Amino acid sequence: MAEAQPARQARGPKTQRRPPSEADQWQAHVTREAALEIGKWLEARGRLHQPVASLSLGDLEAMASNAISRWIVLQSERLHREDWPQEDPIATLLLG
């Protein structure tokens with residue numbers, strides 16, 4: 001009986017990693033900030049020893065609300081720093 005051979009994976013050309021763009025860096029920053037806000041909410045809630053699956057829909061909604069709120073604050077600060085055009089609908093929504 002012949003021995004089983006491990007499956008060979010097709011090897012394509014090695015792709016070079018591109019340096020992260022400013023947008024990638026901003027997304028990573030916002031993601032970290034949202035994660036920190038979720039962590040703060042979880043710590044304030046207590047019961048960190050419980051698995052995430054035990055969270056209620058209200059808990060998940062509160063986490064999402066905190067993360068979205070943090071995104072709005074960060075995005076508003078960024079728009080203000082970059083002096084976005086007044087006619088931009090997102091800038092108008094966030095900056096008033």
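Reading the values: rules and limits
Residues numbered from 1 in each chain as written. Predicted model: local features only at pLDDT ≥ 70, side-chain atom pairs only at ≥ 80, totals over all residues. Heavy atoms only, no water. Helix = DSSP H or I, 4+ residues; strand = E, 2+ residues; numbered from the N terminus. Buried < 20%, exposed > 50% of the residue type's maximum accessible area, 1.4 Å probe, protein only. Contact = heavy atoms within 4.5 Å. pLDDT = per-residue confidence, 0-100.

## Things to note about the side chain of Gln75
At step 1: Note that Gln75 resides in helix H2 (residues 57-82).
At step 2: On the basis of relative accessible area, Gln75 is assigned to the buried category, the value being 8%.
At step 3: Apart from residues no more than four positions distant in its own chain, Gln75 is found in contact with Trp26 and Leu94.

## A short note on the confidence of the model for the protein
At step 1: In this model, the protein carries a mean pLDDT of 75, and residues with pLDDT of at least 70 account for 80%.
At step 2: Looking across the protein, the model is least confident in helix H3 (residues 89-95), with a mean pLDDT of 72, and most confident in H2, with 83.

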